[in-house]
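# Observations on the model geometry
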Amino acid sequence: KGNATTVNMKINDGTFAMICGGGVLESDCTTVNMTINGGTIASIEGGGHAFVKNGMEVGSAEIGAESPCHVGTVNMDINGGTFKGTDYALVYGGGQGYSAVDKVVMTVDNADMSDNCYVTAGGSNGYTGDAEVTLGAGRSVNIYQGGNRGTVGTVKTTVDGATINNMYLGGDSTDSGVKVAFTGENPAMS
């Protein structure tokens, strides 16, 4: 358990299997500020990482905003770096598992996300309220999706010079495991 008002994280170089901005299991953060300028990253989550609720593993249908693993706002600025994992790389604005994020503001600019990298506005299995994503100039993004699994309120995506190989305003339709529900407006792109 842990609570934090503001978490500030800046990565300039290094190799990371996983970066989690919002804590693990039961944590509450008001604001997570992540700045990625370089390095090699296999997985990054703006929100928290929680696989249990009351000691039991849960599925995405049971996940909501009341999660004990909570982040108010995630500000994620990706200004460089290489996103590459063994099979694929993951960039989630929201969290993982039984986690909740109220708001995500993500900017991707000049990062190498071309090698089987999934960039997702929301999280994987968690709850994400609202997400605003800007995909700026730089190298290509292999896969962009509004949500992966779980629940997302609204997603606003702006493409401002990025090259995107596969774009799904909802979830990646080629993956049968992707089941995302949007509770707000339909995903939007400009």
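Residues numbered from 1 in each chain as written. Predicted model: local features only at pLDDT ≥ 70, side-chain atom pairs only at ≥ 80, totals over all residues. Heavy atoms only, no water.

## Section: the overall build of the protein chain
Of regular secondary structure, the protein chain possesses zero helices and 21 strands. Looking at the 190 residues of the protein chain, the share that counts as buried comes to 48%. In the protein chain, 81% of the contacts between residues at least 6 apart in sequence involve partners at least 24 apart. (Helix = DSSP H or I, 4+ residues; strand = E, 2+ residues; numbered from the N terminus. Buried < 20%, exposed > 50% of the residue type's maximum accessible area, 1.4 Å probe, protein only. Contact = heavy atoms within 4.5 Å.)

## With respect to unusual backbone geometry
A positive phi angle is found at N110, which is not glycine, with a value near 60°. Turning to its location among the elements, N110 is positioned in the loop between β14 (100-108) and β15 (113-120). On the basis of relative accessibility, which here comes to 42%, the residue N110 falls in the partly exposed class.

## Quick word on the nonpolar core
Of all hydrophobic cores here, the largest spans 33 residues; its most connected members are I44, I78, F83, V91, M113 and Y144. In contact with F83, other than residues within four places in its own chain, are I36, I41, I44, I78, A89, V91, A111, D112, M113, D115 and C117. L90, Y118, I143 and Y168 belong to the second-largest nonpolar core, a separate cluster that totals five residues. (Core = buried A, V, L, I, M, F, W, Y, C linked by side-chain atoms within 4.5 Å.)

## Digging into the state of the cysteines
Using the criterion set out here, one finds zero disulfides in the structure. Here C20 stays unpaired: no disulfide links it, and the sulfur of C69, its closest cysteine neighbor, is 6.6 Å away. (Disulfide = S-S within 2.5 Å.)

## Remarks on the layout of surface pockets
Taken as a whole, the largest pocket holds about 210 Å³ of empty space. Along the walls of the largest pocket sit 13 residues, with Y88, L90, Y92, N148 and R149 positioned nearest its centre. Only β6 (43-45) and β12 (89-92) provide two or more residues apiece to the lining of the largest pocket. Along the lines of polarity and charge, the residues of the lining of the largest pocket split into five nonpolar, five polar and three charged. (1 Å grid on protein atoms, 1.4 Å probe; cavity = no way out; pocket = protein on both sides within 12 Å on 5 of 7 lines; lining within 4 Å. Points joined across faces, edges and corners; volume = space filled by probe spheres on them. Nonpolar A, V, L, I, M, F, W, Y, C, P; charged D, E, K, R; others polar.)

## What about the sheet that holds β6?
Taken in spatial order, the six strands line up as β3-β6-β12-β15-β17-β19 in an open sheet, and their pairing is parallel. Strand pairing shows two members of the sheet lacking a second neighbour, β3 (19-20) and β19 (164-168), which therefore form its edges. Direction of pairing for β3 relative to β6: parallel, over a ladder of two bridges. Across the sheet, residue C20 finds its bridge partner in β6, namely E45. (Pairing = 2+ DSSP bridges.)

## What about the sheet that holds strand β5 (residues 40-41)?
Read from one edge to the other, the open sheet built from three strands follows the order β2-β5-β11, with strand pairing classed as parallel. One side of each edge strand has no neighbouring strand; the edge strands of this open sheet are β2 (15-16) and β11 (82-83). Relative to β11, β5 is paired through two bridges, and the arrangement is parallel. Pairing of T40 across the sheet is with T82, part of β11.

## Things to note about the pairing of β14
Bridging between strand β10 (residues 69-78) and β14 involves eight bridges; their strand directions are parallel. Across the sheet, residue H70 finds its bridge partner in β14, namely A100. In terms of strand pairing, β14 meets strand β16 (residues 124-136) through eight bridges, oriented parallel. Bridge pairing in β16 links A100 to Y127.

## Concerning the confidence of the model for the protein chain
With 79% of its residues at a pLDDT of 70 or more, the protein chain shows a mean pLDDT of 81. Put simply, strand β9 (residues 56-57) is where the protein chain has its lowest mean pLDDT, 46, and β5 is where it has its highest, 94. Per-residue pLDDT stays below 50 along residues 55-61; that stretch engages in eight contacts with residues further than four places along the chain or on separate chains. (pLDDT = per-residue confidence, 0-100.)

## Focus: the pattern of salt bridges
Applying the stated criterion across every chain yields a total of one salt bridge. Across the pair E132 and K103 runs a salt bridge whose closest N-O atoms are separated by 4.0 Å. Note that E132 is positioned in strand β16 and K103 in strand β14, a separation of 29 residues in sequence. (Salt bridge = Lys/Arg side-chain N within 4 Å of Asp/Glu carboxyl O.)

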